[in-house]
Amino acid sequence: MRGGDDMKRSLLTAIIVFSVVIGGFALPDIGHAKDNQNAVTFGGVANIVGSVILVEYERVVADKVSIAARLGNFSYEVEYDEGVGTTTESGDGPGAEGVFRFYPGGGLNGFYIGGALGVWSVDWDWEWKATGYATEKGSGSSTTVDLNFTLGGKINLGSDRVYIDPSFTVGNFFAETHGKTGESDEIGLYAAIGLGIGITF
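On a predicted model such as this, the values are computed, not experimentally measured, just so you know.

Undergrad: Any chance you could explain the packing of aromatic side chains here in plain terms?
TA: What describes a pair of aromatic rings is the distance from one ring centre to the other and the angle between the planes of the rings. Overall, the coordinates contain four aromatic pairs when judged by the stated rule. Their ring planes at 20° and their centres at 5.6 Å tell us that phenylalanine 74 and tyrosine 76 sit as a pair that is stacked. Relative accessible area serves as the criterion here: at 13%, tyrosine 76 is assigned to the buried category. A ring pair is formed by phenylalanine 74 and phenylalanine 173, whose centres lie 5.8 Å apart and whose planes are at 40°; its orientation type is tilted. Linking phenylalanine 74 in strand E3 (residues 65-81) with phenylalanine 173 in strand E7 (residues 162-179), this pair joins segments that are 99 residues apart in sequence. Taking relative accessible area as the criterion, phenylalanine 74 reaches 16% and is therefore assigned buried. By the ring-pair criterion, three or more aromatic residues cluster together here, those being Phe74, Tyr76, Phe173 and Tyr190. A cation over a ring is seen here: arginine 101 above tyrosine 112, with NZ or CZ 4.8 Å from the ring centre.

Okay, structure coming up:
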């Protein structure tokens, strides 16, 4: 798994650089910004296959437009019934995404439409089992570009600063996979629901 470890270190370095750049762009103006022009959200996104735990910093850049930097960790487990046997696969890894959102009502309030583009590094293991056959195992790693679109909304919790953020996301994973059988390009369509809690300032 040395190749996977090297890939993760490279991705984590890219995440740190990405975060510093975004933070350096936003922080100088925070002290002079209007109230509720910035937000920090903690939450997750999940479907029947896997889940992502994430943290996000978001900033208003125009009356109805915001940008955000998102860091997360993705984990999943799936099982395939192949007729003569069953394959179980599981994996996890970190990622970072840049996010763009449009709020029809302006600011960081209410309904929004958003899109995101990011990179994820996932290490995975698989095991094949069948009656009368020897068990087979393997592992691999994937560098995955994720493009997704989200419908969501920030709902205030008795305050104009604290909110919950339910959402629905559809997207595609574009993965270059390195495993037992060599390299291949994969495209994976997915849909997921999310929920976050955050604060504006």
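We are not done yet, so read on.
Undergrad: Looking at this structure, I do not really get the environment of aspartate 146. What am I missing?
TA: Inspection of the secondary structure assignment puts aspartate 146 in strand E6 (residues 136-156). Once the C-alpha coordinates of aspartate 146 and glycine 118 are considered, the two residues, 28 residues apart in sequence, prove to be 5.2 Å apart. Discounting residues that sit within four places of it in the chain, aspartate 146 has contacts with Glu97, Ala116, Leu117, Gly118, Trp120, Asn172, Phe173 and Tyr190. Separated by 2.9 Å, the side chains of aspartate 146 and tyrosine 190 make a polar contact.

Thresholds, definitions, all that
- Residues numbered from 1 in each chain as written.
- Predicted model: local features only at pLDDT ≥ 70, side-chain atom pairs only at ≥ 80, totals over all residues.
- Heavy atoms only, no water.
- Phe/Tyr/Trp six-rings, centres within 6.5 Å; stacked < 30°, edge-to-face > 60°.
- Buried < 20%, exposed > 50% of the residue type's maximum accessible area, 1.4 Å probe, protein only.
- Helix = DSSP H or I, 4+ residues; strand = E, 2+ residues; numbered from the N terminus.
- Lys NZ or Arg CZ within 6 Å of the ring centre and 35° of its normal.
- Contact = heavy atoms within 4.5 Å.
- Polar contact = N/O pair within 3.5 Å; in protein donor to acceptor, adjacent residues only side chain to side chain.

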